[in-house]
Amino acid sequence: MHDHRKLGRELALFDTDPLIGAGLPYWLPDGAVVRHALEEYIRTAERKAGYRHVYSPVLGKRELYEISGHWSHYSDDMFPPMDLGAEQVVLRPSLCPHHALIYRSRSHSYRELPLRMAELGGMYRSELSGVLGGLTRVRAIQLNDAHIFCTLDQVADEAGAALEMIRRAYEALGIGAARYRLSLPGPGGKYVAAPEKWERSVALLTEVLDRSGLPYEAAEGEAAFYGPKIDVQVVDGLGRESTLSTVQVDFHQPERFDLRYIGADGAKHRPVMVHRSIIGSVERAVAHLIEEHGGAFPAWLSPTQVVVLPISEAELRHAEALARRCADLGLRAELAGPERGSLGARIREARLVPYQAVIGAREAADDRVALRLRDGRRLDPLPAEDVLDRIGALVGAHRTDLWDPASPTSGRA
Ligand SMILES: [Zn+2]
């Protein structure tokens, strides 16, 4: 496996500057393309699954985190508060309290539940500079977060559906889970007290895991301070394990924020909060993708999807037109003309680009494309329109295979 820090710089995906500070990477254009594609995938998957998106500020008053419990259970990981006149504001350590307040701002009927609220939003962690590096240990985090406000009866189905979204996302991303972990509380005072609620949440998550058929291990001391979790663990280039995705059940914050819904009986009831993240933080997800794929991302994530390679000056205009057609179809195409060296050198330079469209005199004359795939396969020349349609379909479906093997024209190796 690769080291994402080294490769991220080599491929010009992200970098850092000592004047911005440790643990505060910035994204270069190619890295920003990968991130946009990933964020758009997540937002679309969430919309299809009935989530509604919100935006909320990255700051909140200190009192907010006193109510949520972060102040007493999580302050070691929080930045010091900023004094603003008589009040103190804090860079948020999680999105949950804001979402709880958004829920509370309107009255809700049981008919609206499960109410699924999602946000790709910023949060902050005061990591010490000694442990910072690349995209995995950062101080500013963009989290793929969501909170499902639901009845107790709905928790298991919602948590199960979140696990299924995680499975589908990993398939599209071409990554795998190292293991599934049922994260339980351990000894010590960092967890909120309420034994019967912990028991009930653990039972629910155990049921979800058993129903899913996934193998899992229970681990003590890994729960959130407010409740147990299902964590999806991945392993990095150095063999270190970390949590990418998570599904959590929380009885604590609905109580702290006095969340209610009006039941069928006309009375007020307390909803349960399911916290879930499909890809975790965008930073960690992209770090993992870089390491897993060595920069050869699935085509739908690739900064450049199609490189157009005219063999000589004579095909340049035709190649330019083809690159424009790609762009019109929403594909990210780049032209690499003969001024950039021999065809062999240009193909080597584009080795991470999934589709390499070679245009010689014959291809230009009958509007065909001799396609080379990143994995070394070379296809017989095909009508350009056909090629672009097929690439568009594979990219649009978030497929990880570069060509449809069932296709009659997929060619010689
Ligand atoms: Zn949360």
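Since we're looking at a predicted model, the values are computed, not measured.

Caption draft 1: Region of the structure containing the nonpolar core. In terms of nonpolar packing, the biggest core is built from 89 residues, with Val308, Ala357 and Ile359 touching the most fellow members. Mapped onto the domain boundaries, this core takes at least three residues apiece from domain 1 (4-293) and domain 2 (299-396). If sequence neighbours within four positions are ignored, Ala357 has contacts with Val306, Val308, Leu309, Leu322, Val369 and Leu371. One finds Tyr191, Val192, Ala224 and Tyr226 within the second-largest nonpolar core, a separate group that totals five residues.

Caption draft 2: A look at helix 2 (residues 29-48). The first and last C-alpha atoms of helix 2 sit 28 Å apart over 20 residues, in line with the 28 Å expected at 1.5 Å per residue. Restricting attention to buried positions, one finds in helix 2 the residues Gly31, Val34, Arg35, Ala37, Leu38, Ile42 and Glu46. The buried residues of helix 2 occupy one face: seen down the axis, they fall within an arc of 165°. Exposed side of helix 2, more than 90 degrees from the buried face: Pro29, His36, Glu40, Thr44, Arg47 and Lys48 are the residues found there. Of the surrounding elements, those touching the buried residues of helix 2 are strand 1 (14-15), strand 2 (26-27), strand 7 (115-124), strand 8 (140-150) and helix 9 (282-293). Remark: Gly50 follows helix 2 within two positions and exhibits a positive phi of approximately 85°.

Caption draft 3: Looking closely at the sheet that holds strand 16 (residues 306-310). Pairing is mixed across the open sheet formed by five strands, whose spatial order is 17-16-18-19-20. Where the open sheet ends on each side, the last strands, each with one partner, are strand 17 (333-335) and strand 20 (382-383). Pairing analysis gives five bridges linking strand 16 to strand 18 (residues 355-359), with the strands arranged parallel. Directly across from Pro310, in strand 18, lies its bridge partner Ile359.

Caption draft 4: Expanded view of the domain arrangement of the protein. Partitioning the protein into structural domains gives domain 1 (4-293) and domain 2 (299-396). If you average the C-alpha positions of domain 1 and of domain 2, the two centres end up 40 Å apart. Facing the six residues of domain 1 at the interface are four residues of domain 2. If one sorts the elements of the side of domain 1 that touches domain 2 by residue count, helix 2 sits on top with five residues.

Caption draft 5: Spatial organisation of unusual backbone geometry. Each neighbour pair has its own omega, and for Leu113 with Pro114 the value is -5°, a cis peptide bond. In this model, His398 sits at a positive phi of 55°, which is unusual for a non-glycine residue. Along the polypeptide, His398 turns up in the segment after helix 13 (384-396). Given 20 C-beta atoms within a 10 Å radius, His398 is considered buried.

Caption draft 6: How the structure looks around the packing of helix 6 (residues 155-173) against helix 7 (residues 195-212). Packing of helix 6 against helix 7 brings their axes to within 9 Å, and their N-to-C directions diverge by 50°. Relative to helix 7, helix 6 is oriented oblique. The hand of the helix 6/helix 7 crossing is right-handed. Where helix 6 abuts helix 7, its residues Val155, Ala156, Ala159, Gly160 and Leu163 lie against Leu204, Leu205, Glu207, Val208, Arg211 and Ser212. For the contact of helix 6 with helix 7, a count of residues per class yields seven nonpolar, two polar and two charged.

Caption draft 7: Structural context of the sheet that holds strand 7. Spatially, eight strands are ordered 3-7-8-15-12-11-9-10 in an open sheet, and the strand pairing comes out mixed. The sheet is open, and its two edges are formed by strand 3 (52-53) and strand 10 (216-220), each paired on a single side. Across 10 bridges, strand 7 lies against strand 8 in antiparallel orientation. Paired with Met123 across the bridge in strand 8 is Ile141.

Caption draft 8: How the structure looks around the packing of helix 2 against helix 9. Relative to each other, helix 2 and helix 9 sit at 115°, their axes nearing to 11 Å. Between helix 2 and helix 9, the angle falls in the class roughly perpendicular. You can see that helix 2 and helix 9 cross each other, and the crossing is right-handed. On the side of helix 2, the interface is formed by Val34, Arg35, Leu38 and Glu39, while helix 9 contributes Val282, Ala285 and Val286. Considered class by class, the residues forming the contact of helix 2 with helix 9 number five nonpolar, no polar and two charged.

Caption draft 9: Local environment of the environment of Asp3. Mapped onto the elements, Asp3 comes out in the segment before helix 1 (4-10). Looking at Asp3, the number of C-beta atoms within 10 Å reads 15, which means it is partly exposed. Along the sequence, Asp3 and Leu209 sit 206 residues apart, while their C-alpha atoms lie 32 Å from each other.

Criteria and thresholds
Residues numbered from 1 in each chain as written. Predicted model: local features only at pLDDT ≥ 70, side-chain atom pairs only at ≥ 80, totals over all residues. Core = buried A, V, L, I, M, F, W, Y, C linked by C-beta atoms within 7 Å. Buried ≥ 20, exposed ≤ 12 C-beta atoms within 10 Å, placed from the backbone. Domains from an automatic or database assignment. Contact = placed C-beta atoms within 7 Å. Helix = DSSP H or I, 4+ residues; strand = E, 2+ residues; numbered from the N terminus. Expected span 1.5 Å × (residues − 1). Arc of directions from axis to C-beta. Pairing = 2+ DSSP bridges. Axes fitted to C-alpha atoms, helices over the stretch in contact; angles between N-to-C directions. Parallel < 35°, antiparallel > 145°, perpendicular 65-115°, else oblique. Left-handed = near helix turned anticlockwise from the far one by under 90°. Nonpolar A, V, L, I, M, F, W, Y, C, P; charged D, E, K, R; others polar.

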